[in-house]
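Breakdown of the fold
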Amino acid sequence: MKDDGIECLAFLGGKAQFSTPLHVGQMNLPKWEHFENAFRDVFARRYYTNHGPLAQELEDRLAEFFGVRHVVTMTNGTIALMLAAKALNLTGKVIVPAFTFAATVQSLTWAGVEPLFCDVDPQTHVLTPELVAPLLDDPDVSAILPVHLWGNLCNAEALEELAQRKGISVYYDAAHAFGCTRKGEKAGCHGALEVFSFHATNVFNTAEGGCVCTNDDDIAERLRNLRSSYGRRISVDIPINGNGRFSEAQAAMGLLSFDDYPAIITANKARFELYTELLGNIPGIRILQPVSGEKHNYQYVVLEIDSQVFGLTRDQLIRLLEAENVLARRYFAPGMHRCMPYKGSYPNVVDALPTTDMLCECVMQLSSGQAVSLQDVRVTCELINFIYDNAESLRLRLP
């Protein structure tokens, strides 16, 4: 490709580099025979939900993996976040980043509390104590909800010290952090609780699902009661009851994910390191890296595009890649402070989060996961290098 003109690009009429789309995230599927055996067992028992034996086994294995006293599985990560807020008896406002997936913030609205939007650190993309501290002056704040992003964890010790001084809770959205550590301690055992998503695009998946991890016995029992009106629990008073039950089919997928997890991490790391090797020296591209010395799941290949240096905007690059069937994605654009209903409810915040707005203009994620081969990575990187080399000519041809 390097010796061809820009007309070889699919956007300008050439043939796409990939005949089928390369997605950002596709499910890490188990071997068919393992899947078939697991589901034959579910069918034979005719026990599908209400905290069956596979769900109990998965909760026990997850608790051992995270090193926590309790894991409460839920039908999905959004329900888990909603019920977590209820289990903590939150009121008033909760400090939360605007640079996050919609479910993080919307779970607060569903639970009847207000988001208090906070900006994030430009290097790590997460909340920091320095950014959170000024918001604690608001007397209505009842909790902090940081988000671990891209497999790197927030500064939990400092955030929890701030919260302790204020007498409020800290709990975490840890959807990206399965198996990842901070100072050698796995995500799952920080704060009052941590919430994980087991959606199909996550490194550990149950096709759809999630869980809450906690070392607090009382919180765990409230969660179990909130999750359903019956099941594996001790009856305690709760403000409302929800249907967050975890099925045996989801549990079967989770147990298979455990079996495949070491191989998945090895393959993820190989793809990530190849992307870093082949893209790391292109001016205007920054690849977010794992924290040195910590465990990481390498599930997310995240770039920042500096349009002034690279020569094209992030959105222009994505458009060119999409024509080649490389379905790179923007994250998380626009920020939640600019989404309905929040932009209308909190107009004072709309222009008050400059780092969030900047990241929403420059962050993108490249295709990775089980369906992406190392050769796919090489071709994708060759494309991006070619686009950079021809950025000036392409800019004249792009809207």
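For clarity, every value in this text was computed on a predicted model and none was experimentally measured.

Moving on: the sheet that holds strand E5 (residues 141-144). If you trace the seven strands from one edge of the open sheet to the other, you get E2-E10-E9-E6-E5-E3-E4, paired in mixed fashion. Both outer strands of the open sheet, strand E2 (70-74) and strand E4 (114-118), are each paired with one neighbouring strand and no more. Going across the sheet, the axis of each strand differs from the next one's by a mean of 30°, ignoring polarity. Note that E5 and strand E6 (residues 169-173) share two bridges and pair parallel. Counted as the bridge partner of alanine 143 is serine 169 from E6. Its contacts with the sheet place helix H6 (residues 156-166) against E5 and E6, and it is angled at close to 145° to E6.

Let's shift gears to the domain arrangement of the protein chain. Domain parsing of the protein chain yields domain 1 (6-26 + 260-397) and domain 2 (32-118 + 125-256). Placing the centre of domain 1 and that of domain 2 at their C-alpha centroids yields a distance of 28 Å. Residue-level contacts link 34 residues of domain 1 with 33 residues of domain 2. For the pairing of domain 1 and domain 2, the buried interface totals around 2800 Å² over both sides, and the portion due to carbon and sulfur atoms is 63%. Run the count over domain 1 and domain 2 and you get 16 residue pairs in polar contact (both at pLDDT 80 or more). Counting residues per element, the ones that place at least two in the side of domain 1 that touches domain 2 are helix H8 (248-279), strand E12 (301-305), helix H12 (354-362) and strand E15 (363-366). It is H8 that provides the largest number of residues to the side of domain 1 that touches domain 2, a total of five residues. Class assignment for the residues of the side of domain 1 that touches domain 2 results in 18 nonpolar, 11 polar and five charged.

The subject of this paragraph is the pattern of salt bridges. Side-chain pairs of opposite charge can arise whenever the charged atoms involved come near each other. Here the structure, examined in full by the defined rule, presents 17 salt bridges. With a shortest N-O distance of 3.0 Å, glutamate 248 and arginine 45 are connected by a salt bridge. Residue glutamate 248 is found in helix H8, and its partner arginine 45 is found in helix H1 (residues 32-45); the two are separated by 203 residues along the sequence. For glutamate 248, a relative accessible area of 0% corresponds to the buried category. Where arginine 286 meets glutamate 304, a salt bridge forms, and the shortest distance between an N and an O atom there is 2.7 Å. Placement of arginine 286 in strand E11 (residues 285-287) and of glutamate 304 in strand E12 is noted, with a sequence separation of 18 residues between them. For arginine 286, a relative accessible area of 28% gives the class partly exposed.

This brings us to the packing of helix H3 (residues 77-87) against helix H4 (residues 102-110). Here H3 crosses H4 at 45°, and the two axes come no closer than 8 Å. Judged on the interaxial angle alone, H4 and H3 are oblique. Seen from above, H3 lies across H4 with right-handed handedness. Contact residues: H3 offers Thr78, Leu81 and Met82, while H4 offers Ala103, Thr104, Ser107 and Trp110.

Within the largest apolar cluster, 71 residues are counted, with the highest numbers of intra-cluster contacts made by Phe66, Phe178, Leu321 and Leu366. The leading source of residues in this core is H8, at 14 residues. Lining this core are residues from two domains, each supplying at least three of them: domain 1 (6-26 + 260-397) and domain 2 (32-118 + 125-256). Setting aside its immediate chain neighbours within four residues, leucine 321 contacts Val326, Ala328, Met364, Leu366, Leu383, Ile384 and Ile387.

On to the sheet that holds E11, then. Read from one edge of the open sheet, four strands run E11-E12-E15-E14, paired in antiparallel fashion. Sheet topology places E11 and strand E14 (329-330) at the edges, where each strand pairs with a single neighbour. Taken together, the two bridges between E14 and E15 define a ladder with antiparallel strand orientation. Looking at the pairing, arginine 329 lines up with glutamine 365 of E15.

Turning our attention to unusual backbone geometry. Look at the link from alanine 333 to proline 334: it is a cis peptide, with omega at -5°. Tracing the backbone through its elements, the reader meets proline 334 in the loop between E14 and helix H11 (342-345). With an omega dihedral of 0°, the bond running from methionine 340 to proline 341 counts as a cis peptide bond. Checked against the element boundaries, proline 341 lands in the loop between E14 and H11. Even without being a glycine, arginine 46 presents a positive backbone phi close to 55°. Arginine 46 gets classed as exposed once you look at its relative accessible area, which sits at 77%.

So, how was this worked out
Per chain, residue numbering runs from 1 following the sequence as it is written. The predicted origin of the model limits local features to residues at a pLDDT of at least 70 and limits the giving and counting of side-chain atom pairs to 80 or more, whereas totals for whole chains, interfaces and linings rest on all residues. Excluded from the side-chain calculations are hydrogens and water; all other atoms, namely the structure's heavy atoms, are used. Two strands form a pair only when DSSP identifies at least two bridges running between them. Where helices and strands are cited, they refer to DSSP runs of H or I of at least four residues and of E of at least two residues respectively, numbered from the N terminus. The angle between two axes is taken between their N-to-C directions and runs from 0 to 180 degrees, where each axis is a line fitted to C-alpha atoms and a helix contributes only its stretch in contact. Throughout, a contact is declared for two residues whenever any of their heavy atoms are within 4.5 Å. Residue ranges assigned to each domain were obtained from an automatic or database domain assignment. Throughout, buried area stands for the accessible area (probe radius 1.4 Å) lost by two parts on being put together, summed over both. Side-chain atoms alone can form a polar contact between residues adjacent in sequence; in general such a contact is a pair of N or O atoms within 3.5 Å, and within protein one must be able to donate a hydrogen while the other accepts it. Residues are sorted three ways: Asp, Glu, Lys and Arg are charged, Ala, Val, Leu, Ile, Met, Phe, Trp, Tyr, Cys and Pro are nonpolar, and all the rest, Gly among them, are polar. Salt bridges are counted wherever a side-chain nitrogen of Lys or Arg sits within 4 Å of a carboxyl oxygen of Asp or Glu. Note on exposure labels: buried denotes an accessible area under 20% of the residue type's maximum, exposed denotes more than 50%, and partly exposed covers the range between, all computed with a 1.4 Å probe on protein chains only. Orientation labels follow simple angle bins: below 35 degrees gives roughly parallel, above 145 gives roughly antiparallel, 65 to 115 gives roughly perpendicular, and whatever is left gives oblique. Left-handed describes a crossing whose near helix is turned anticlockwise from the far helix through less than a right angle; right-handed describes the clockwise counterpart. Remark: nonpolar core denotes a set of buried residues (Ala, Val, Leu, Ile, Met, Phe, Trp, Tyr, Cys) joined through side-chain atoms within 4.5 Å.

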